[in-house]
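One letter stands for each residue in the lines below.
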Amino acid sequence: MTKKSPPIAPRHVIWLGWKLVIFLSVALCLLALLRLHSSQPDLLSSPPSISRARSRLSRDNGRFAGPPRIAFLFLARRNLPLDFLWGSFFQNADAANFSIYIHSAPGFVFDESTTRSRYFHARQLRKSIQVAWGESSMIQAEKLLLAEALEDPANQRFVLLSDSCVPLYNFSYIYNYLMASPRSFVDSFLDAKEGRYNPKMSPKIPMNKWRKGSQWITLIRRHAEVVADDEVIFQVFHKFCKRRPPLDSRKGKLNIKLQKQHNCIPDEHYVQTLLAMSELEGELERRTLTYTLWNQSANKMENRGWHPVTFTYANAGPQKINEIKDINHVYYETEFRTEWCRTNSTSAPCFLFARKFSQGAAMHLLSEGVVGRFEASSLLEPPP
């Protein structure tokens with residue numbers, strides 16, 4: 001005969017039940033906290049762009065004194081072929097009024113062996129990237145230049161230049177022109193004719209905010225911060241703007257697929273679209289300060305597309321330069337808009353810079369005294 005176990009008292013059942021409920025509740029809370037931590041960003045740390053902006057703001061507050069500077073941002077393939085011209089330009093300037101930054105090929109160093117001008121020594125970015133035309137790396141390089149220049153709170157104007165750009169006036173004129181205006185100079189217009197907008201960019205980039213314009217921009221500090229700190233719109237360009245490869249007869253039908261890649265030319269759209277989406281168009285002079293003469297020959301356009309004309313010694317004479325300086329308005333046919341050129345509501349020449357200039361053309365400018373005194377014999381000897 002087996003003995004029966006004594007019955008469990010009701011109070012023990014209740015007590016065990018409560019312990020089980022408490023244990024399960026604690027376990028569920030811990031599990032929820034672990035899942036929240038793994039799926040959400042660290043709430044104690046800010047996104048990189050916000051962190052950079054806060055850090056920059058804390059440096060700027062109370063530290064900026066003295067004259068505001070123009071940051072000259074050179075986007076170079078490797079060296080600066082027109083360094084001798086820019087050297088003469090900066091020689092006539094107060095060093096407190098400008099700074100220089102160069103994005104060049106990774107590893108390229110500007111020193112006595114690679115440039116004739118001391119103004120460019122060690123002015124290259126420490127962290128540069130390999131840049132390819134028609135790809136997002138081009139605008140990434142621009143953002144790197146702006147981010148580096150923004151580290152100096154004295155920099156209040158930011159001028160993006162190519163390695164073939166030249167100034168059309170002396171430093172004093174350009175400095176006063178830029179500092180007189182509280183606006184950025186960004187060529188920006190509706191891109192109504194070309195199919196560069198990719199519908200896959202929506203909704204992050206709506207079609208009505210899609211803009212086109214010259215890559216060569218001049219920004220006030222607040223707008224430079226917007227461009228340097230942006231990550232969202234840049235990622236959309238990086239994802240959906242792919243360089244379309246040239247036709248290759250060996251690839252046959254594959255060419256059709258490759259040619260469908262969306263070649264939106266990021267450097268002609270990114271800054272313009274970003275500022276439009278940031279509701280900043282009302283703070284812009286919607287034109288570039290850099291003159292470009294486009295070759296619109298029908299035959300060449302069919303084969304290679306429009307390309308800027310390269311100025312040589314022969315066609316960079318005083319008459320042509322004066323023609324550029326006399327331009328006082330720009331017409332945008334897609335918007336039926338005439339942009340009359342002004343700075344701080346005062347009529348002014350449209351262009352302060354021009355491209356693309358050869359070394360011979362730059363010598364012609366210097367011989368005419370456009371940017372300063374110059375001895376042509378100095379070019380006959382290679383850099384030391």
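Preceding this section is the structure that the text describes.
Residues numbered from 1 in each chain as written. Predicted model: local features only at pLDDT ≥ 70, side-chain atom pairs only at ≥ 80, totals over all residues. Heavy atoms only, no water.

Help me out: how do you make sense of the overall build of the chain in this one?
A count of helical and extended segments in the chain gives 12 helices and 17 strands. The buried share of the chain, reckoned over its 384 residues, is 45%. Put simply, of all contacts in the chain between residues at least 6 apart along the chain, 77% involve residues at least 24 apart. Of the accessible surface of the chain, which amounts to about 21800 Å², a share of 57% is contributed by carbon and sulfur atoms. (Helix = DSSP H or I, 4+ residues; strand = E, 2+ residues; numbered from the N terminus. Buried < 20%, exposed > 50% of the residue type's maximum accessible area, 1.4 Å probe, protein only. Contact = heavy atoms within 4.5 Å. Areas by Shrake-Rupley, 256 points an atom, 1.4 Å probe, with all protein chains shown as cover.)

How should I be thinking about the state of the cysteines in this particular structure?
A covalent bond between the sulfur atoms of two cysteines is what we call a disulfide. Applying the stated criterion across every chain yields a total of two disulfides. Each disulfide pairs two cysteine sulfurs, and for Cys-241 the partner residue is Cys-264, the sulfurs being separated by 1.8 Å. Taking the sign of the torsion about the S-S bond as the criterion, the disulfide between Cys-241 and Cys-264, at about 95°, is right-handed. Taken together, the positions of Cys-241 in the loop between α7 (232-240) and α8 (254-259) and Cys-264 in the loop between α8 and α9 (270-277) put the pair 23 residues apart, joining distant regions of the chain. (Disulfide = S-S within 2.5 Å.)

When you look at the sheet that holds strand β10 (residues 290-292) in this model, what are you seeing that I'm missing?
Remark on secondary structure: sheet strands pair via backbone hydrogen bonds, oriented parallel or antiparallel. Read across the open sheet, the three strands follow the order β4-β17-β10; overall the sheet is mixed. Only two strands of the sheet have a single partner each, and these edge strands are β4 (166-167) and β10. As paired strands, β4 and strand β17 (residues 353-355) are joined by two bridges and run antiparallel to one another. By the bridge assignment for β17, Val-166 is matched with Ala-354. (Pairing = 2+ DSSP bridges.)

I would appreciate a short explanation of the nonpolar core in the present structure.
Across soluble globular proteins, nonpolar side chains have a tendency to be buried as a group. Residues Phe-72, Trp-86 and Phe-357 are the most contacted members of the largest nonpolar core, which totals 50 residues. By size, the runner-up hydrophobic cluster in this structure holds 38 residues, among which are Leu-125, Val-186, Cys-264 and Leu-280. (Core = buried A, V, L, I, M, F, W, Y, C linked by side-chain atoms within 4.5 Å.)

Before we go on, may I ask you to explain the packing of helix α3 (residues 83-91) against helix α12 (residues 359-367) in this structure?
Helix-helix packing is characterised by the crossing angle of the two axes and by the distance between the axes. Two elements in contact, α3 and α12, have axes whose closest approach is 9 Å; the angle formed by their N-to-C orientations is 25°. With respect to their mutual orientation, α3 and α12 come out roughly parallel. On α12, the residues that touch Phe-84, Leu-85 and Ser-88 of α3 are Gln-359, Ala-362, Met-363, Leu-365 and Leu-366. For the contact of α3 with α12, a count of residues per class yields six nonpolar, two polar and no charged. (Axes fitted to C-alpha atoms, helices over the stretch in contact; angles between N-to-C directions. Parallel < 35°, antiparallel > 145°, perpendicular 65-115°, else oblique. Nonpolar A, V, L, I, M, F, W, Y, C, P; charged D, E, K, R; others polar.)

Can you help me understand the packing of aromatic side chains in this one?
Each aromatic ring pair is characterised by the separation of its centres together with the angle its planes make. This structure, assessed with the given rule, holds 28 aromatic pairs. Look at Phe-311 and Phe-357: their rings are 4.7 Å apart centre to centre, the planes differ by 25°, and that puts the pair in the stacked class. Here Phe-311 is found in the loop between β12 (307-308) and α11 (318-325), whereas its partner Phe-357 is found in the loop between β17 and α12, with 46 residues between them in sequence. Classification of Phe-357 by relative accessible area gives buried; the value is 4%. Ring-pair connections join several aromatic residues into one group, and the members of that group are Phe-72, Phe-74, Trp-86, Phe-89, Phe-90, Phe-98, Tyr-119, Phe-120, Phe-171, Tyr-175 and Phe-353. Directly above the ring of Tyr-119 sits Arg-118, whose terminal nitrogen or CZ lies 4.3 Å from the centroid. (Phe/Tyr/Trp six-rings, centres within 6.5 Å; stacked < 30°, edge-to-face > 60°. Lys NZ or Arg CZ within 6 Å of the ring centre and 35° of its normal.)

I keep staring at unusual backbone geometry and nothing clicks. Help me out?
Glycine aside, negative phi is the norm for most residues, and most peptide bonds take the trans geometry. Cis geometry is adopted by the peptide bond preceding Pro-203, which originates at Ser-202 and carries an omega value of 5°. Its location among the elements puts Pro-203 in the loop between β6 (189-190) and β7 (211-212). The linkage connecting Arg-355 with the following residue, Lys-356, adopts the cis geometry, with an omega of -5°. In this structure, Lys-356 sits in the loop between β17 and α12. Positive phi values are uncommon outside glycine, yet Ala-122 reaches one of about 60°. Looking at where Ala-122 falls in the secondary structure, it is placed in the loop between β2 (98-103) and α4 (137-149). Residue Asn-344 is not a glycine yet carries a positive backbone phi of 55°.

I would appreciate a short explanation of the side chain of His-269 in the present structure.
In this structure, His-269 sits in the loop between α8 and α9. For His-269, a relative accessible area of 0% translates into the label buried. One polar contact links the side chain of His-269 to the main-chain carbonyl oxygen of Cys-264, over a distance of 3.3 Å. With sequence-adjacent residues up to four places away left out, His-269 is seen in contact with Asp-191, Arg-196, Trp-210, Arg-211, Lys-212, Phe-237 and Cys-264. (Polar contact = N/O pair within 3.5 Å; in protein donor to acceptor, adjacent residues only side chain to side chain.)

Looking at this structure, I do not really get the packing of α4 against helix α6 (residues 221-229). What am I missing?
Direction vectors running N to C along α4 and α6 enclose 130°, while the axes themselves pass 9 Å from each other. Between α4 and α6, the interaxial angle falls into the category oblique. Helix-helix and strand crossings are classified by hand; for α4 and α6 the assignment is left-handed. Together, Lys-143, Leu-146 and Ala-147 of α4 and Ala-224, Val-227 and Ala-228 of α6 make up the contact between the two elements. Counted by class, the contact of α4 with α6 contains five nonpolar, no polar and one charged residues. (Left-handed = near helix turned anticlockwise from the far one by under 90°.)

Just checking my understanding: could you explain α4 for this structure?
Three- or four-residue spacings in an α-helix give side chains the same orientation, since the helix completes a turn every 3.6 residues. With 13 residues, α4 extends 18 Å from end C-alpha to end C-alpha; this agrees with the ideal 18 Å at 1.5 Å per step. For α4, every residue scored as buried is listed here: Ser-137, Met-138, Ile-139, Ala-141, Glu-142, Lys-143, Leu-145, Leu-146 and Ala-149. (Expected span 1.5 Å × (residues − 1).)

Any chance you could explain the pairing of strand β3 (residues 155-162) here in plain terms?
Residues in a regular strand point their side chains to alternate faces of the sheet. Burial runs high along β3: eight of the eight residues are buried. Note: strand β1 (residues 69-75) against β3, seven bridges, orientation parallel. In the sheet register, Leu-75 faces β3, and the bridge partner there is Ser-162. When β3 meets strand β8 (residues 218-220), the two strands line up antiparallel, connected through three bridges. Across the sheet, residue Val-159 finds its bridge partner in β8, namely Thr-218.

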